[in-house]
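Observations on the three-dimensional arrangement
Residues per chain are reported as follows:
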Amino acid sequence: MRILDRVLLAIYTILIIIISVIAMAIALRWIPADTVYMYIRSVYDNTQVAIAVLIVGLLFLVISLELLLSGSRRRAPRGAMLKSDGTGSVMLSVNAIDSMVQRSARMIEGIKDIKSSVSVDPEGTQIMLSVQVEQDVKIPELTDNLQSQVKEYVENYGGIKIKAITVRVDSISPTTRYKAE
């Protein structure tokens, strides 16, 4: 469930609780009938109150539809399917794939830091790498090596098909040199 859906659900639940308490108070006659009639009459007589009730009603309608439809949205797969047969299925989670990507990329000399993100779809897994490279490395060779090594490592050890690996060099890390005294 998305964060927006959770917030809407919390607001919706609080409003339903308030309405339920008011309805129970009316049913138990804790709120006098004159007060209830006076409120209903004010909706008919006062345009501002009628507009406020209309806005609250529309808000409830929109929140209700959003929460109703949020359950039917297609969710992104949380992993890559390795196999599915009569005995069950085996999936490799996105976190596991990301760990494999990180491990294979850190083995390459010339990479100072790496951030990765993995997305899985039926056609294959896509990997986005943001790297910080060391100074004085040949970036085209390094990125080619990075792409091929990550692809080979994940496909061999993970058993999944890699559709694309995109590499973005974010920065070049300056080497710190110390002066000899």
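Report on the accompanying structure. Since the structure is predicted, the reported quantities are computational estimates derived from the model, not experimental observations.

Once that is clear, we can look at the side chain of threonine 143. Assignment of secondary structure puts threonine 143 in helix H5 (residues 139–158). Taking the relative accessible area as the measure of exposure, threonine 143 reaches 15% and is therefore buried. Within the structure, the side chain of threonine 143 is placed 3.1 Å from the backbone oxygen of proline 140, a separation counted as a polar contact. The contact partners of threonine 143, leaving out residues within four places of it in the chain, are Val167 and Val169.

Looking now at the nonpolar core. Ranked by size, the top nonpolar core spans 22 residues in total, and within it Ile97, Val101, Ile127, Leu129, Leu146, Val150 and Val154 carry the most contacts. Contributing elements (two or more residues each) for this core: helix H4 (94–106), strand E3 (111–121), strand E4 (124–134), H5 and strand E5 (162–173). In terms of residue count, H5 provides more of this core than any other element does, five residues in total. With near-sequence residues (within four places) excluded, valine 150 lies in contact with Val101, Ser104, Ala105, Ile127, Leu129 and Ile165.

Across all of its chains, the model carries three salt bridges by this definition. In this structure, arginine 41 engages aspartate 45 in a salt bridge whose closest nitrogen and oxygen atoms are separated by 3.3 Å. Remark: aspartate 45 and arginine 41 occur in helix H2 (residues 33–45); sequence separation between them is four residues, near one turn of the helix. Where glutamate 155 meets lysine 151, a salt bridge forms, and the shortest distance between an N and an O atom there is 3.0 Å. Within this pair, glutamate 155 and its partner lysine 151 are both found in helix H5, separated by four residues, close to a single helical turn.

Closest axis-to-axis distance for the H2/helix H3 (residues 47–70) pair is 6 Å, and the angle between their directions is 100°. One element, H2, and the other, H3, form an angle in the roughly perpendicular class. Contacts from Tyr39, Ser42, Val43 and Asp45 in H2 reach Thr47, Val49, Ala50 and Val53 in H3. Among the residues forming the contact of H2 with H3, the class breakdown is five nonpolar, two polar and one charged.

How each quantity is defined
Residues numbered from 1 in each chain as written. Predicted model: local features only at pLDDT ≥ 70, side-chain atom pairs only at ≥ 80, totals over all residues. Heavy atoms only, no water. Helix = DSSP H or I, 4+ residues; strand = E, 2+ residues; numbered from the N terminus. Buried < 20%, exposed > 50% of the residue type's maximum accessible area, 1.4 Å probe, protein only. Polar contact = N/O pair within 3.5 Å; in protein donor to acceptor, adjacent residues only side chain to side chain. Contact = heavy atoms within 4.5 Å. Core = buried A, V, L, I, M, F, W, Y, C linked by side-chain atoms within 4.5 Å. Salt bridge = Lys/Arg side-chain N within 4 Å of Asp/Glu carboxyl O. Axes fitted to C-alpha atoms, helices over the stretch in contact; angles between N-to-C directions. Parallel < 35°, antiparallel > 145°, perpendicular 65-115°, else oblique. Nonpolar A, V, L, I, M, F, W, Y, C, P; charged D, E, K, R; others polar.

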